[in-house]
Amino acid sequence: VPANALIFRSEGPQVAVVTAESKVAIRSVVVGRDLGTTLEIASGVGAGDRVVLNPPDALVNGEKFGIWGGLSERERRRLRRQRAQATRSITVVNG
């Protein structure tokens, strides 16, 4: 994952992923190798997970967001219709 996706909290290193319901799930991760701008994650996220880039400090589990990065145009159109329900937007990348 990109290094700017990592969250440092008292619980240890974490990554925020976005669920199918456009909600945040914060997961504890084990970092395998640090490759500079990219990190190898040994456990905690999978290849299909949508990882939040530059997660805000106040991010909490279950928070609903509008998501714009890492999506197809069709998904973006669908999410634009749902945007009124979101309080703020984040960018994600597919893991």
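Residues numbered from 1 in each chain as written. Predicted model: local features only at pLDDT ≥ 70, side-chain atom pairs only at ≥ 80, totals over all residues. Heavy atoms only, no water.

K.L.:
Teacher, can you tell me more about the overall build of the chain here?
P.N.:
Within the chain, the secondary structure is distributed over one helix and eight strands. The helix and strand sequence of the chain, counted from the amino end, reads β-β-β-β-β-β-β-α-β. Counting the 95 residues in the chain, one finds 37% classified as buried. Across the chain, the fraction of contacts at a sequence separation of at least 24, relative to all contacts at a separation of at least 6, is 55%. (Helix = DSSP H or I, 4+ residues; strand = E, 2+ residues; numbered from the N terminus. Buried < 20%, exposed > 50% of the residue type's maximum accessible area, 1.4 Å probe, protein only. Contact = heavy atoms within 4.5 Å.)

K.L.:
Quick question: what am I supposed to make of the pattern of salt bridges here?
P.N.:
Two side chains of opposite charge can pair, provided their charged atoms sit close to one another. Across all of its chains, the model carries two salt bridges by this definition. The closest approach of N and O atoms between glutamate 40 and arginine 33, which form a salt bridge, is 3.5 Å. Owing to a relative accessible area of 34%, glutamate 40 belongs among the partly exposed residues under this scheme. Given a relative accessible area of 49%, arginine 33 falls into the partly exposed group. (Salt bridge = Lys/Arg side-chain N within 4 Å of Asp/Glu carboxyl O.)

K.L.:
What am I meant to see in unusual backbone geometry here?
P.N.:
Note on backbone geometry: most residues besides glycine have negative phi, and most peptide bonds are trans. Its identity is not glycine, yet serine 22 carries a phi of approximately 60°, on the positive side. Considering the arrangement of structural elements, one finds serine 22 in the loop between strand E2 (12-18) and strand E3 (24-28). Non-glycine residue asparagine 54 carries a positive phi angle of around 50°. Relative to the elements of secondary structure, asparagine 54 occurs in the loop between strand E6 (50-53) and strand E7 (66-67). Given a relative accessible area of 54%, asparagine 54 falls into the exposed group.

Function-wise, these values are silent; they only describe arrangement.
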